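Architecture at a glance
The primary structure of each chain is shown beneath.
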Amino acid sequence: MLLSKEEVLHVANLARLSVEPSELEEMAGTLSRVLEYIDLLNELDTESVSPTSQVVEQHTVWRSDVIQDSLSAELATQNGPQVVSAMFVVPKILDGGGQ
Amino acid sequence: MSDNYEVVIGLEVHVELKTASKLFCGCANLFGQDPNTHTCPVCLGMPGALPVLNRDAVALATRAALALSCTVHSFSKFDRKQYFYPDLPKAYQISQYDQPLATHGQVTIRTEAGPRAIGIERIHLEEDAGKLNHIGQRLGDATGSLVDLNRAGVPLIEIVSQPEMHSPEEARLYLTELRTVLSYLDISDLRMEEGSMRCDANVSLRPLSYTGSLADLPRVEIKNVNSFRNVQRGIEHEIIRQRELLEQGIRIVKETRGFDDAAGTTYSQRSKEAANDYRYFPEPDLPPLVLDAVWLEDQKNQMPSLPEELRHQLAAEGVLPRDVDVLVQDRALYGFWRQTVAIYPDVKLVTNWLLSDYSRHMNAKGLSFDNPGVSAPHLAELLALIEDGTLSGKMAKEVLESMFATGESPQVVVKRLGLSQITDHEAIRLIVSQIVEANPAVVADFLGGKEKALAFLVGQVMKATKGQAKPDLVNALLREVIASHV
Ligand SMILES: [Zn+2]
């Protein structure tokens, strides 16, 4: 299984990584080898295992709607590289994105 | 609209749930707090922090689903929706993807052509993102943004309609009815201006010759619209824009557009056709949600009467059809009406006063039925004063105006203004006699058959009593006094 250069570019774009055109070929190769390694899982016999999205056999773990203490604004923002008026400063957003 | 195209509209409505704490952590779910005062490692997206689901959020979402006639699934699960944005600290939103809480619901809109059911595809639970405060006037001119994460992790339901609306008006009716139904559940503030209710509209034009699937039509999503009126305006503008392009033979590009309130137009935000690649995958930190029949029954038992039921009830109580809709549409108004009718059970009189003079004064003061200024017992008392003859309808209007101005009870206002109809027969009879004595020519005219002459005399008496006599009583007494004079 070999990833195309386009697929590498697409993944890089989603991850907000800039990749030089000269790097594409090598990345397609190394990423493909990672995927091939994961392909090993296909050698397992899963005939008798039903598909699941969870590995822990739990469900409906929930809590009462009770308020607990929050952090102070100072503590909450202490990792921010730049903080103004107790808010994180982020650069101008170019694409008007969001969900 | 145009003859060549059918307008196809689908709406995605986000509703913030009114829980005490956030969806996956114990931070308070409050609007309008100082920035970043309600966050913790979970909603800040700190490594290693684990989310735990809020049971009440599931309960409120379930009641919304039941009220909208959805199938609530006994098994649903959470997924990660991945994208980068500064208001999303984890770089993913916990949402529900392929197995949502509920599907297959409906909202019945009442169009001029009669009622029509608009399908609801799904309702799912998810967490809200934080809030960006742009430095600069508009997103486009912003030099940067300030991030407040108080809202990050607040519980939301997303209600996705089927693409079954065909005009901006139908979209407005859908939103109005949806909000009315949800308002009776009391699960959200439903304030568009505060963002507790938000709406995105998907708009496409289907050429009538097109027979392919609706999903393949290029769709434009209008985002960040802050009022029902603007949803309608945004859709109106989008229909015109798309039709112009199509008629020039230009292909519509699948994109996200914002709505410019001042210009009344939409503008392109993101136009890459395959921009949405969210790479959903099952949220490993949250086990699936399994709701059993007992729990569902319990939620059903906590449901209030819903608008459709109330409409039937009001009609049966004798409220006119046009008033039924108005009363039910505003839950606070309906509650106020109920309260007033419980004290003063003349349904028609209460409805008339509430929907006309009362509403006018309330609106003029910028108040709403949540806190209307004049209480239901005071309104009921005022209406009782009309019934017992103390006040004429005209006087009652004056009293009500004064009640809104001062907050006083009707009795107090009546006393203060020296109002109240003179119902003492003897007192009026005396005045009537004086007027009859003073106007022999007019009395003669009346006796000669000129009925109009009596109206003049009634007017004179009303003037002498400063309008505080009951006109029908004056009329009767005049006839009596004149007859006894002959
Ligand atoms: Zn938190």
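What you see as residue numbers is a count from 1 along each chain, following the sequence as written. To read the labels, note that chains go from A and ligands from 1, taken in the order they are written. Local features in this predicted model are restricted to residues of pLDDT 70 or higher, and side-chain atom pairs are both shown and tallied only at a pLDDT of 80 or more, whereas totals for entire chains, interfaces and linings draw on every residue. Note that the side-chain values use all heavy atoms of the structure and ignore hydrogens as well as water.

1. Quick word on the pairing of strand S1 (residues 5–16) of chain B
Residue and element names in this part refer to chain B. Counting buried positions along S1 gives 11 out of 12 residues, so the element sits mostly inside the fold. In this sheet, strand S11 (residues 155–161) lies alongside S1 in antiparallel orientation, the contact comprising five bridges. Note that in S11 the partner of Glu16 across the bridge is Leu156. The buried label applies to any residue whose accessible area, calculated with a 1.4 Å probe on protein chains only, is under 20% of its type's maximum; exposed applies above 50%, and partly exposed to all values in between. By the criteria applied, helices consist of DSSP H or I runs no shorter than four residues and strands consist of E runs no shorter than two, each listed in order from the N terminus. When DSSP finds two or more bridges between two strands, those strands count as paired.

2. What to know about the side chain of B:Thr62
Residues and elements named next belong to chain B. One can find Thr62 in helix H1 (residues 55–67). Its relative accessible area of 0% is what places Thr62 among the buried residues. Note on contacts: a residue pair qualifies if any of its non-hydrogen atoms lie within 4.5 Å across the two residues. Not counting chain neighbours up to four residues away, the residues in contact with Thr62 comprise Val72, Leu101, Leu291, Trp295, Leu296 and Gln299.

3. Digging into the nonpolar core
All names here are of chain B. By nonpolar core we mean a set of buried residues, namely Ala, Val, Leu, Ile, Met, Phe, Trp, Tyr and Cys, connected to one another through side-chain atoms within 4.5 Å. Leu11, Leu68, Ile157, Ile159, Tyr174, Leu182 and Ile235 are the most contacted members of the largest nonpolar core, which totals 71 residues. Discounting chain neighbours no more than four positions away, the residues touching Leu11 are Ile159, Val160, Ser161, Met165, Ala171, Tyr174, Leu175, Cys199, Asp200, Ala201, Val231 and Ile235. In terms of nonpolar packing, the next biggest core, distinct from the first, is built from 38 residues, Ala380, Leu383, Ala396 and Val414 among them.

4. Regarding the domain arrangement of chain B
An automatic or database domain assignment provides the domain bounds reported here. By domain assignment, chain B separates into domain 1 (5–298), domain 2 (307–417) and domain 3 (425–485). Between the C-alpha centres of domain 2 of chain B and domain 3 of chain B there is a distance of 35 Å.

5. A few points about the coordination of the zinc ion
Tetrahedral metal sites with four donors have an ideal angle of 109.5 degrees; octahedral sites with six donors have ideal angles of 90 or 180 degrees. Residue and element names in this part refer to chain B. A donor here means any N, O or S atom no more than 2.8 Å from the metal (3.2 Å for Na, K and Ca); water is not included, so a site may seem to lack partners. Summarising the metal site, the zinc ion is bound by the protein donors Cys25 (SG), Cys27 (SG), Cys40 (SG) and Cys43 (SG), whose distances to it range over 2.3 to 2.4 Å. Working rule for geometry: tetrahedral if four donors all subtend angles between 85 and 135 degrees; square planar for four, octahedral for six, if opposite donors exceed 155 degrees and the others stay between 65 and 115; irregular in every other situation. Classification of the site at the zinc ion as tetrahedral follows from its four donor atoms and the range of 101 to 116° in their angles at the metal. Considered as a linear motif, the donors of the zinc ion on their single chain read C-x1-C-x12-C-x2-C. Of the two residues, Cys25 sits in the loop between S1 and strand S2 (53–54) while Cys40 sits in the loop between S1 and S2, which places them 15 residues apart along the sequence. Its relative accessible area of 6% is what places Cys25 among the buried residues.

6. With respect to the sheet that holds strand S16 (residues 281–282) of chain B
Residue and element names in this part refer to chain B. Spatially, S6-S5-S16 is the arrangement adopted by the three strands of the open sheet, whose pairing is antiparallel. On the outer flanks of this sheet lie strand S6 (92–95) and S16, each paired with one strand and no other. With two bridges connecting them, strand S5 (residues 79–82) and S16 associate as antiparallel partners. Counterpart to Arg80 in the pairing with S16 is Phe281.

7. Here's the deal with the interface of chain B and chain A
With 64 residues of chain B at the contact, the number on the chain A side is 39 residues. Basic side-chain nitrogens of Lys or Arg form a salt bridge, by our definition, when they fall within 4 Å of a carboxyl oxygen of Asp or Glu. For the pair chain B and chain A, the number of links is zero salt bridges. Pairing of N or O atoms within 3.5 Å defines a polar contact, subject to two protein rules: one partner must be a possible hydrogen donor and the other a possible acceptor, and residues neighboring in sequence count only if both atoms are side-chain atoms. For the interface between chain B and chain A, the tally reads 19 residue pairs in polar contact (both at pLDDT 80 or more). Secondary structure elements with two or more residues in the side of chain B that touches chain A: S2, H1, strand S9 (131–135), strand S10 (144–148), strand S15 (265–270) and strand S17 (289–290) of chain B. A total of five residues in the side of chain B that touches chain A trace back to one element, the largest contributor, which is S10(B). Split by residue class, the side of chain B that touches chain A holds 34 nonpolar, 17 polar and 13 charged. Here strand S3 (residues 87–91) of chain A pairs with S10(B) via four bridges, running antiparallel. For A:Phe88, the partnering residue across the bridge sits in S10(B) and is B:Val147. Charged means Asp, Glu, Lys or Arg here, nonpolar means Ala, Val, Leu, Ile, Met, Phe, Trp, Tyr, Cys or Pro, and polar covers whatever is left, Gly included.

8. Some remarks on the packing of helix H2 (residues 168–185) of chain B against helix H5 (residues 307–316) of chain B
Residues and elements named next belong to chain B. Their axes nearest at 9 Å, the elements H2 and H5 cross at an angle of 90°. With respect to H5, the element H2 is oriented roughly perpendicular. The segment H2 lies against H5, with Glu177, Thr180, Val181 and Tyr184 engaging Pro307, Leu310 and Arg311. Residue classes in the contact of H2 with H5 are distributed as four nonpolar, one polar and two charged. Each axis is a line fitted through C-alpha atoms, taken for helices only over the stretch in contact, and angles between the N-to-C directions span 0 to 180 degrees. Here the angle decides the label: under 35 degrees means roughly parallel, over 145 means roughly antiparallel, 65 to 115 means roughly perpendicular, and every other value means oblique.

9. Thoughts on the side chain of B:Glu126
Note that B:Glu126 resides in strand S8 (residues 114–127). Two residue types count as positive, namely Lys and Arg, and two as negative, namely Asp and Glu; His and chain ends fall outside the count. No salt bridge is formed by the buried B:Glu126; the nearest opposite charge belongs to B:Lys81, separated by 5.7 Å.

10. Remarks on the pattern of salt bridges
Residue and element names in this part refer to chain B. One pass over the structure, following the stated rule, counts 35 salt bridges over all chains. In this structure, Arg338 engages Glu317 in a salt bridge whose closest nitrogen and oxygen atoms are separated by 2.6 Å. Separated by 21 residues along the polypeptide, Arg338 in helix H7 (residues 331–343) and Glu317 in the loop between H5 and helix H6 (321–329) bring together distant segments of the chain. You can call Glu317 partly exposed: its relative accessible area is 31%. Two residues, Asp357 and Arg360, come together in a salt bridge whose shortest N-O distance is 2.9 Å. Here the residue Asp357 and the residue Arg360 both occupy positions in helix H8 (residues 347–364), the gap between them amounting to three residues, near one helical turn. Accessibility expressed as a relative area gives 7% for Asp357, which makes it buried. Bridged by salt links that share partners, the residues Arg110, Glu177, Glu308, Arg311 and Asp325 form one connected network.

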